[in-house]
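Take a look at the letters that make up each chain.
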Amino acid sequence: MTRASTARVILAPDKFKGSLAAPEVAAALAAGLRRSAPEAEIRQVPVADGGDGTVEAFVAAGWTRVELTAPGPTGVARRTSYARHGATAVIELAAVVGLAILPEGQLDPLHASTFGLGVVLAHAMDHGVTEIVLGLGGSASTDGGAGMLQALGVRVSDAEGQELPCGGTVLARAAGLDRSALHPGVAGTRFTLACDVDNPLLGPTGAAAVYAPQKGAGPAEVGVLESALATWAELVGPEFARHPGAGAAGGTGFGALAVLGARVRSGIEVVLELLDFPTLLANATLVVTGEGSLDRQSLHGKAPIGVCAAARKADVPVVAVAGRTLLTPDEIRAAGFADCYALAELEPDPERSMGQAAALLDRVGARIAAEWLG
């Protein structure tokens with residue numbers, strides 16, 4: 001194969017949740033591809049949709065990792081990081097105050113907060129960042145973003161003027177909001193919320209009703225949190241509560257919209273834009289994307305669909321790889337994929353498939369090379 005006819009493959013998978021991070025997925029696929037098509041040019045561009053794994057995707061793309069210590073969702077200090085390039089920072093809520101970082105059995109749906117996220121935002125602004133992309137998803141709290149704002153200098157008080165502690169339930173007593181000490185960097189910073197949900201803050205599709213049960217809240221606790229968020233919304237800005245995405249990450253979207261002047265965008269679209277994905281597609285022969293489970297939920301703004309849309313816009317064929325797929329062949333084609341490879345076809349046992357995902361992805365990579373690169 002001459003240089004002019006060399007195949008160019010872009011590997012842009014999301015994580016395989018519970019098994020491999022996105023960079024590991026890309027590396028395993030690349031190993032199989034190189035074995036079967038050693039002449040091919042392979043570019044690994046792991047992606048994310050704003051949830052867990054977003055910072056890792058940008059570090060893999062060459063952005064600088066910035067490490068610091070910040071309170072986790074229950075106030076316990078821990079090391080975390082964000083990605084930075086120039087004056088732009090990508091901060092992932094899940095990496096700071098996410099559900100996944102809590103030890104098993106230590107969920108605290110009523111009192112967990114986003115305070116640590118505000119600490120990280122302040123750190124970025126203190127160090128010259130003027131553009132912040134905040135990935136929302138996987139939060140452990142339902143505090144409407146109040147903790148984040150408190151860390152940024154906003155004072156939340158009760159009817160007697162006493163400052164309230166952090167947490168979701170205490171917002172039921174919120175009666176005063178003083179923004180005079182809000183971090184000065186906020187005024188000169190543009191905030192973009194990378195988000196793949198459009199839930200409002202309140203109601204049957206809101207932050208408490210839909211997501212609090214995933215964080216350990218029972219029916220009664222969901223009611224308490226819903227009431228507290230309603231009080232918080234009236235105090236901060238009820239018009240923002242109805243905005244699509246206000247209910248993301250336990251209502252963190254609402255706090256960012258109402259006080260930080262943030263805008264909501266599709267998580268994967270923001271990620272691909274920052275990674276300059278359209279430029280990477282120039283002269284590409286094939287794009288490979290995927291995630292752990294390719295299902296109907298994937299069709300609503302998840303990373304593989306965003307990658308597929310960008311590839312098809314550039315007239316580059318795209319195939320999907322997944323641990324399993326619950327989509328029919330017709331649904332896969334309708335989504336724009338030329339084909340889909342599921343690890344379950346090689347190893348039907350889910351536990352073994354997840355445990356052997358790297359080796360299975362290597363085999364899939366070799367198969368893709370044989371079928372698509374000749």
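In this report, the structure presented in the accompanying data block is examined. Please read these numbers as outputs of a predicted model, since none were measured by experiment. (Residues numbered from 1 in each chain as written. Predicted model: local features only at pLDDT ≥ 70, side-chain atom pairs only at ≥ 80, totals over all residues. Heavy atoms only, no water.)

### Here's the deal with helix H7 (residues 219–236)
Quick reminder of the rule: Per the convention used, a helix needs a DSSP run of H or I reaching at least four residues, while a strand needs a run of E reaching at least two, with both numbered from the N terminus. Multiply 1.5 Å by the residue count of a helix minus one, and that product is the helix's expected span. A 1.4 Å probe rolled over the protein chains alone gives each residue an accessible area, and that area as a share of the maximum for its type sets the label: buried under 20%, exposed over 50%, partly exposed in between. Summarising the geometry, the arc corresponds to the directions from the helix axis toward the C-beta atoms. In this analysis, two residues are considered to be in contact whenever any of their non-hydrogen atoms come within 4.5 Å of each other.
Relative to the 26 Å expected for 18 residues at 1.5 Å per residue, H7 spans 26 Å between its end C-alpha atoms, a close match to the ideal helical length. Taken together, the buried positions of H7 are Val 222, Leu 225, Ala 228, Leu 229, Trp 232, Ala 233 and Val 236. Angularly, the buried residues of H7 cover 145° about the axis, an arc narrow enough to put them on a single face. Opposite its buried face, H7 presents the exposed residues Pro 219, Ala 220 and Glu 234, each directed more than 90 degrees away. Tucked into the core, H7 has its buried residues touching helix H5 (146–151), strand S7 (155–157), strand S8 (176–178), helix H6 (207–211), helix H8 (238–241) and helix H9 (248–260). The first or second residue beyond H7 is Gly 237, which carries a positive phi of 160°.

### Some words on helix H15 (residues 357–372)
For H15, built from 16 residues, the straight-helix expectation of 22 Å at 1.5 Å per residue is met to within 8% by its first-to-last C-alpha distance of 22 Å. Within the span of H15, buried status applies to Ala 357, Leu 360, Leu 361, Asp 362, Val 364, Gly 365, Ala 366, Ile 368 and Ala 369. Looking at the buried side of H15, the elements it contacts are helix H1 (22–36), strand S11 (286–294), strand S12 (318–325), strand S13 (339–342) and helix H14 (350–355). Gly 374 sits one or two residues past H15 and shows a positive phi near 75°.

### Quick notes on the pairing of strand S5 (residues 88–92)
Rules: At least two DSSP bridges between two strands are needed for those strands to be called paired.
For S5, the tally of buried residues reaches 5 of 5 residues, placing the bulk of the element in the interior. A two-sided burial pattern is seen for S5, the buried positions comprising Thr 88, Val 90 and Glu 92 on one face and Ala 89 and Ile 91 on the other. Summarising the sheet, strand S4 (residues 77–85) and S5 pair through 3 bridges and their orientation is antiparallel. Across the sheet, residue His 85 finds its bridge partner in S5, namely Thr 88. Between S4 and S5, which pair antiparallel one after the other, the connecting turn spans 2 residues, and Gly 86 there sits at a positive phi close to 65°. Sheet topology places S5 next to strand S6 (residues 131–135); 5 bridges connect them, and they run parallel. Bridging from a neighbouring strand, Ile 91 pairs with Leu 134 of S6.

### Looking at the packing of aromatic side chains
What counts is decided by this rule: A pair of aromatic rings is counted whenever rings of Phe, Tyr or Trp (Trp by its six-membered ring) have centres within 6.5 Å, and the orientation is called stacked for planes under 30 degrees apart, edge-to-face for over 60 and tilted otherwise.
Tallying each qualifying case throughout the model produces 1 aromatic pair. Relative to Trp 63, the ring of Phe 58 lies with its centre 4.7 Å away and its plane at 65°, an arrangement referred to as edge-to-face. Of the two residues, Phe 58 and Trp 63, both sit in the buried class.

### Looking at the pattern of salt bridges
This is how the line gets drawn: Should a side-chain nitrogen of Lys or Arg be within 4 Å of a carboxyl oxygen of Asp or Glu, the pair is scored as a salt bridge.
By the definition in use, this model includes 17 salt bridges. Its salt-bridge partner being Arg 8, residue Glu 41 comes within 3.3 Å of it at the nearest N-O pair. Within this pair, whereas Glu 41 is found in strand S2 (residues 41–44), its partner Arg 8 is found in strand S1 (residues 8–13), the two being separated by 33 residues in sequence. By relative accessible area, which is 26% here, Glu 41 ends up partly exposed. By relative accessible area, Arg 8 is classed as partly exposed at 23%. For Glu 131, the salt bridge identified is with Arg 190, shortest N-O distance 3.0 Å. Highlighted residues: Glu 131 in strand S6 and Arg 190 in strand S9 (residues 190–195), separated in sequence by 59 residues.

### Comments concerning the sheet that holds S2
For clarity, the cut-off: Simply put, an axis is a line fit to the C-alpha atoms, just over the touching stretch for a helix, and the angle between two N-to-C directions goes from 0 to 180 degrees.
An order of S2-S1-S11-S12-S13 is seen for the 5 strands of this open sheet, with the pairing classed as parallel. On the outer flanks of this sheet lie S2 and S13, each paired with one strand and no other. Going from strand to strand, the sheet's axes swing by 25° on average, the running direction of each strand aside. Two elements, S1 and S2, share 4 bridges in a ladder whose sense is parallel. Note on S2: the bridge partner recorded for Arg 8 is Glu 41. Packed on one face of the sheet, helix H12 (residues 303–313) meets S1, S11 and S12 and runs near 160° to S11. Against the sheet, H15 engages S11, S12 and S13, with an angle of about 155° to S13.

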